[in-house]
Amino acid sequence: MIAKIVKYTLLSVSALVFIGVPLEMILVNASKTFEESQVPGFGLPHHWAIIANFRAVLTEGAASTGLLNSIAVTGCTVALVLVAGSLAAWVFARSDSRLVRTLFYASIVGILIPAPVITSVYLDERLGIQGTRLALVGLYSGVYLSLGIFLITGFVRTIPRELEEAAQIDGASRWRIFWRVIFPLLSPVLFAAGVVLWVYVWNDFFYAFFLLNGAARQTLPLGLFSVVSSNSHSTNWNYVFADVVVVSLPLVVVFVIGQRRILAGVMAGGIKG
């Protein structure tokens, strides 16, 4: 009994230190005026400016435009990776061919290899899509397809082959077997992989900075950068912290709602792979 109390106490203190303290700092400084925020700290503001700060972020930082762009780019990327990754994972999990096994290991090596940004820029220019959201979706899909395949393949191996054989006896084609039998059973790992991919793509700044052109196409992280660099003499820390809240809030909501399914899906896909 004492050991459990000590365990939960340590967990609570750790959560307070590593989560509560940074969260308190973000919210407090997002509520300060420009003058007070020049020295970020944990003290409460003397003059609350939370509404003005968030209004400025949504207008000057174009957070509303960035939100729509981030949703479009991230949503398309996650959908492409999950569908293509599921199809590839099904082939890799069901084939006993040495060549297919070699291709599987070659495909997941992409998890460790950084994306060739310069080559991607040149290719986008040749295709006529340079600086567009389509170019960014294409890069993200290629970068994170390896991770999707890795997570989903392990889960496919746990699905009994008898289900596919029964559907095949009933006259179903391979394409129909995948969409009617396999794909619905992948929902736990697809949800987990989708959330993991969503976090990676949503928070990305590096690739978006090089591949996107124009304020109308910027994502939320690019909007945060524009807020930070809008004042050449000093940093608008009140806007920065407010923008951090705007960028992070959708991810926090997703994790709070689906944390159990996320952990279960990642463990099923990664450990059994």
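If you're wondering where the values come from, they're calculated on a predicted model, not measured in any experiment. (Residues numbered from 1 in each chain as written. Predicted model: local features only at pLDDT ≥ 70, side-chain atom pairs only at ≥ 80, totals over all residues. Heavy atoms only, no water.)

**Observations regarding the overall build of the protein chain**
Link 1 in the chain: The secondary structure content of the protein chain amounts to 13 helices and 0 strands.
Link 2 in the chain: The N-to-C order of helical and strand elements in the protein chain reads α-α-α-α-α-α-α-α-α-α-α-α-α.
Link 3 in the chain: By the burial criterion, 40% of the 273 residues in the protein chain qualify as buried.
Link 4 in the chain: Across the protein chain, the fraction of contacts at a sequence separation of at least 24, relative to all contacts at a separation of at least 6, is 74%.
Link 5 in the chain: When the accessible surface of the protein chain is split by element, carbon and sulfur atoms take 70% of a total near 15700 Å². (Helix = DSSP H or I, 4+ residues; strand = E, 2+ residues; numbered from the N terminus. Buried < 20%, exposed > 50% of the residue type's maximum accessible area, 1.4 Å probe, protein only. Contact = heavy atoms within 4.5 Å. Areas by Shrake-Rupley, 256 points an atom, 1.4 Å probe, with all protein chains shown as cover.)

**A short note on a nonpolar patch on the surface**
Link 1 in the chain: Taken together, Val13, Leu16, Val17, Phe18 and Ile19 make up a surface patch of nonpolar side chains, about 530 Å² in accessible area.
Link 2 in the chain: What makes valine 13 partly exposed here is its relative accessible area of 46%. (Patch = residues over 30% accessible without salt bridge, like charges linked within 9 Å, V, L, I, M, F, W, Y side chains within 5 Å. Salt bridge = Lys/Arg side-chain N within 4 Å of Asp/Glu carboxyl O.)

**Quick look at the packing of helix H4 (residues 63–94) against helix H9 (residues 174–185)**
Link 1 in the chain: Between H4 and H9, whose axes approach to 12 Å, the crossing angle comes to 105 degrees. Considered as vectors, H4 and H9 are oriented roughly perpendicular to each other. Taking contact as the criterion, the partners of Val83, Ser86, Leu87 and Trp90 in H4 are, on H9, Arg174, Trp175, Ile177, Phe178, Trp179, Ile182 and Phe183.
Link 2 in the chain: Here the contact of H4 with H9 is composed, by residue class, of 9 nonpolar, 1 polar and 1 charged. (Axes fitted to C-alpha atoms, helices over the stretch in contact; angles between N-to-C directions. Parallel < 35°, antiparallel > 145°, perpendicular 65-115°, else oblique. Nonpolar A, V, L, I, M, F, W, Y, C, P; charged D, E, K, R; others polar.)

**Side note on empty space enclosed by the protein**
Link 1 in the chain: Enumeration over the complete set of coordinates arrives at 1 cavity of 30 Å³ or more.
Link 2 in the chain: Looking at the largest cavity, its volume works out to about 40 Å³.
Link 3 in the chain: Contributing to the lining of the largest cavity are Ser70, Val73, Thr74, Leu136, Tyr140, Val201, Trp202, Asp204, Thr219 and Pro221.
Link 4 in the chain: Secondary-structure elements contributing two or more residues to the lining of the largest cavity are H4, helix H7 (133–156) and helix H10 (187–203).
Link 5 in the chain: The element contributing the most residues to the lining of the largest cavity is H4, with 3 residues.
Link 6 in the chain: Among the residues making up the lining of the largest cavity, the classes are represented as 6 nonpolar, 3 polar and 1 charged. (1 Å grid on protein atoms, 1.4 Å probe; cavity = no way out; pocket = protein on both sides within 12 Å on 5 of 7 lines; lining within 4 Å. Points joined across faces, edges and corners; volume = space filled by probe spheres on them.)

**Re the environment of isoleucine 118**
Link 1 in the chain: Here isoleucine 118 lies in helix H6 (residues 117–127).
Link 2 in the chain: Classification of isoleucine 118 by relative accessible area gives exposed; the value is 69%.
Link 3 in the chain: Remark: the alpha-carbon pair of isoleucine 118 and leucine 211, spanning 93 residues in sequence, is separated by 9.6 Å.

**Here's the deal with the environment of proline 40**
Link 1 in the chain: Following the sequence through the fold, proline 40 ends up in the loop between helix H2 (34–37) and helix H3 (50–59).
Link 2 in the chain: In this structure proline 40 comes out as partly exposed when scored by relative accessible area, which is 30%.
Link 3 in the chain: As a C-alpha pair, proline 40 and valine 28 span 12 residues in sequence and 9.0 Å in three-dimensional space.
Link 4 in the chain: The contacts of proline 40, once residues within four sequence positions are left out, are Met25, Asn29, Trp237 and Phe241.

**Re the nonpolar core**
Link 1 in the chain: Membership of the largest hydrophobic core comes to 39 residues, with the highest contact counts inside it found for Leu136, Tyr140, Ile152, Leu186 and Tyr207.
Link 2 in the chain: Elements with a minimum of two residues in this core: H4, H7, H9, H10 and helix H11 (206–211).
Link 3 in the chain: Top element by residues in this core is H7. It accounts for 11 residues.
Link 4 in the chain: Setting aside residues no more than four positions away along its own chain, tyrosine 207 makes contact with Ala115, Val117, Leu136, Leu139, Tyr140 and Val143.
Link 5 in the chain: Listed in part, the 11 residues of the second largest apolar core include Trp202, Leu220, Ala242 and Leu251. (Core = buried A, V, L, I, M, F, W, Y, C linked by side-chain atoms within 4.5 Å.)

**Concerning the side chain of glutamate 36**
Link 1 in the chain: Among the secondary structure elements, glutamate 36 is positioned in helix H2.
Link 2 in the chain: The side chain of glutamate 36 sits in the buried core without any salt bridge; lysine 32 is the nearest counter-charge, 5.7 Å away.
Link 3 in the chain: At 3.2 Å, the side chain of glutamate 36 and the backbone nitrogen of histidine 47 are in polar contact. (Lys, Arg positive; Asp, Glu negative; His and termini not counted. Polar contact = N/O pair within 3.5 Å; in protein donor to acceptor, adjacent residues only side chain to side chain.)

**Considering the confidence of the model for the protein chain**
Link 1 in the chain: Mean pLDDT over the protein chain: 82, with 88% of residues reaching 70 or higher.
Link 2 in the chain: For the protein chain, the element scoring lowest by mean pLDDT is helix H13 (residues 237–271), at 71; H4 scores highest, at 91.
Link 3 in the chain: The low-confidence segment residues 269–273 (pLDDT under 50) makes 13 contacts with residues lying over four places distant or belonging to another chain. (pLDDT = per-residue confidence, 0-100.)

**Re the packing of aromatic side chains**
Link 1 in the chain: Within this structure, the stated rule accounts for 16 aromatic pairs.
Link 2 in the chain: Geometrically, the ring pair formed by tryptophan 175 and tryptophan 179 is edge-to-face, given 5.6 Å between the ring centres and 70 degrees between the ring planes. Pair noted here: tryptophan 175 and tryptophan 179 are both in helix H9, with a separation of 4 residues, about one helical turn.
Link 3 in the chain: On the basis of relative accessible area, tryptophan 175 is assigned to the exposed category, the value being 55%.
Link 4 in the chain: For tryptophan 179, a relative accessible area of 29% translates into the label partly exposed.
Link 5 in the chain: In this structure an aromatic cluster arises from ring pairing among Tyr140, Tyr144, Tyr200, Phe205, Phe206, Tyr207, Phe209 and Phe210. (Phe/Tyr/Trp six-rings, centres within 6.5 Å; stacked < 30°, edge-to-face > 60°.)

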